[in-house]
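Notes for the structure review
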Amino acid sequence: MPEGIAGPGGDVRQAVQQQTVRGGMPGFQPPPEVPWSMLGPDFIETWGHDDDGKLKAEHLEVVGQSGSGKSFAIASILQQRAARWDSAEIAVVTKQADDSIPLLGWPVAADVKEVRKYRQAVFWPQTGALGEDREKYMEPRIYDLLAALWVKDANTVIYFDEIGFIEDLSRRLKKMTRMYWREGRSHGISVIAAKQRPIGINRDAHSESRWKIVFPPADEGDMKRFAELLGRPADWEPVLRGLDQTQHQFVIRNSFTKDAFISWVDEPLRPLPSQAHQRPAGVGERLHGRKPAEA
């Protein structure tokens, strides 16, 4: 089996021996099916760190239709990474309602100063405004957050629940997210960006993110584009069609190492006391690139 995501985990190696044949071109090896309870710990150990455990920021692109389970999967990943590495993380939520991110139990903030008080937090500016008025409310707040976080050695994971919505808010925000994709890793920033469809966003989202998580599309017309995120459409279209949507299965693939698995989150998501009941950071603690006393 390929090295990398699975590491030395014996349980994952054993699971890989049983593979489901899903079609594809001759010579194509379909990815094995491994539940996240087995695959997740090895992914968390690998993603964003080198072999010595040193921080190496990496971006993750997640694509899937509404209701596919992508928010639940991402929330699980955020929680597990924070538990393993004690990483500073911010979930930027732009939806009016979300079923998964609140399950983390993280402190919710609506401005930059409040976000900086906590190691893990949800940035969720909410308003009763609709349409353009809602977008006008959201745009400066998200821009100010991203501008404030852009510092050397930020050492932060930032998650966008709908990157397409954010990029469409303004030209300056589209340029800002492009900078995060292209230069964020050098600042210690790992981006997780979710989208319902892989079109209409910065191409840098595809080229700069080595990790891809792809759920099956809602529309058959999108099948080829979804498959292209993983490799040759002739190989990956049969895989995506064969995913069990009742289990919220997805494909996770590293475009550099070529490691690929079919997985699904098979454990419930509950708040962890260490993350849900955080105290504001101490004076000497660096969060999101700055000491709270400097804010």
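About the cut-offs
Residues numbered from 1 in each chain as written. Predicted model: local features only at pLDDT ≥ 70, side-chain atom pairs only at ≥ 80, totals over all residues. Heavy atoms only, no water. Helix = DSSP H or I, 4+ residues; strand = E, 2+ residues; numbered from the N terminus. Buried < 20%, exposed > 50% of the residue type's maximum accessible area, 1.4 Å probe, protein only. pLDDT = per-residue confidence, 0-100. Contact = heavy atoms within 4.5 Å. Patch = residues over 30% accessible without salt bridge, like charges linked within 9 Å, V, L, I, M, F, W, Y side chains within 5 Å. Areas by Shrake-Rupley, 256 points an atom, 1.4 Å probe, with all protein chains shown as cover. Salt bridge = Lys/Arg side-chain N within 4 Å of Asp/Glu carboxyl O. Lys, Arg positive; Asp, Glu negative; His and termini not counted. Charge placed at Lys NZ, Arg CZ, Asp CG, Glu CD. Pairing = 2+ DSSP bridges. Polar contact = N/O pair within 3.5 Å; in protein donor to acceptor, adjacent residues only side chain to side chain. Axes fitted to C-alpha atoms, helices over the stretch in contact; angles between N-to-C directions. Parallel < 35°, antiparallel > 145°, perpendicular 65-115°, else oblique. Left-handed = near helix turned anticlockwise from the far one by under 90°. Nonpolar A, V, L, I, M, F, W, Y, C, P; charged D, E, K, R; others polar.

1. Structural notes on unusual backbone geometry
When glycine is set aside, most residues are seen to have a negative phi, and most peptide bonds are trans. Phi is positive for Asp 86, which is not a glycine, with a value near 55°. Summarising the element assignment, Asp 86 is placed in the loop between α3 (70–85) and β2 (88–92). Given a relative accessible area of 46%, Asp 86 falls into the partly exposed group. One non-glycine residue with positive phi stands out, namely Asn 155, at about 50°. Along the chain, Asn 155 falls in the loop between α5 (131–149) and β5 (156–160).

2. A look at the confidence of the model for the protein
Taken residue by residue, the protein gives an average pLDDT of 85. The fraction at 70 or more is 84%. Mean pLDDT values over the elements of the protein span from 52, in helix α1 (residues 10–16), up to 97, in strand β9 (residues 260–263). Taken together, the stretch residues 16–22 has pLDDT below 50 and engages in 19 contacts with residues farther than four places along the chain or on a different chain.

3. Re a negative patch on the surface
Residues Glu 132, Asp 133, Glu 135 and Asp 168 make up a contiguous surface patch of negative charge. Sort the elements by how many residues they give to the negative patch and α5 lands first, with 3 residues. Looking at the element boundaries, Asp 133 is found in helix α5.

4. Looking at the environment of Ala 193
Take Ala 193: it is sitting in strand β6 (residues 189–195). Residues Ala 193 and Ile 158 lie 35 residues apart in sequence; the distance between their C-alpha atoms is 8.4 Å. Excluding anything up to four places from it in sequence, Ala 193 contacts Leu 60, Glu 61, Val 62, Phe 160, Ile 163 and Trp 181.

5. A look at the pairing of β6
When you tally the buried positions in β6, you get 7 out of 7 residues, the bulk of the element. Covered by surrounding structure in β6 are Ile 189, Val 191, Ala 193 and Lys 195 together with Ser 190, Ile 192 and Ala 194, the residues of both alternating faces. Bridge count between strand β1 (residues 60–63) and β6: 4 bridges; the pairing is parallel. Note that in β6 the partner of Glu 61 across the bridge is Ala 193. In this structure, β5 lies alongside β6, joined through 5 bridges in parallel fashion. Across the sheet, the residue bridging to Phe 160 is Ala 193, located in β6.

6. Details of the environment of Glu 220
Mapped onto the elements, Glu 220 comes out in the loop between β7 (211–214) and α9 (223–228). For the pair formed by Glu 220 and Arg 241, sequence separation is 21 residues and the distance between their alpha carbons is 9.5 Å. At 2.3 Å, the side chain of Glu 220 forms a polar contact with the side chain of Arg 241.

7. As for the packing of α5 against helix α7 (residues 171–183)
Taken N-terminus to C-terminus, the directions of α5 and α7 make an angle of 30°; their axes are 10 Å apart at the nearest point. Considered as vectors, α5 and α7 are oriented roughly parallel to each other. As α5 runs across α7, the sense of the crossing is left-handed. On α7, the residues that touch Glu 139, Pro 140, Ile 142, Tyr 143, Leu 146, Ala 147 and Leu 149 of α5 are Arg 172, Leu 173, Met 176, Thr 177 and Tyr 180. Residue classes in the contact of α5 with α7 are distributed as 9 nonpolar, 1 polar and 2 charged.

8. Remarks on the pattern of salt bridges
It is possible for side chains of opposite charge to pair when their charged atoms get near one another. All told, the structure shown has 10 salt bridges when counted by the stated rule. Lys 212 serves as the salt-bridge partner of Glu 61, at 2.9 Å between the closest nitrogen and oxygen. One end of the pair, Glu 61, is in strand β1; the other, Lys 212, is in strand β7, and 151 residues separate them in sequence. Per residue, the accessibility class of Glu 61 equals that of Lys 212, and both read buried. Residue Lys 117 is joined to Glu 114 by a salt bridge in which the shortest nitrogen-to-oxygen separation is 3.3 Å.

9. Describing the pairing of β2
Extensive coverage of β2 is indicated by the burial of 5 of its 5 residues. On β2, burial covers both faces: Ala 88, Ile 90 and Val 92 on one face and Glu 89 and Ala 91 on the other are all buried. Sheet topology note: the β2/β5 ladder contains 5 bridges and is parallel. Within β5, the residue paired with Ile 90 across the bridge is Ile 158.

10. Considering the packing of helix α2 (residues 36–46) against α3
Helix packing geometry: the angle between the two helix axes and the distance between the axes. Running from N to C, α2 and α3 point in directions that differ by 55°, and their axes come no closer than 10 Å. As far as their axial angle goes, α3 and α2 are oblique. In terms of crossing hand, the pair formed by α2 and α3 is right-handed. For the pair α2 and α3, contact is made by Trp 36, Gly 40, Phe 43, Ile 44 and Glu 45 and by Ile 77, Gln 80, Arg 81, Arg 84 and Trp 85, respectively.

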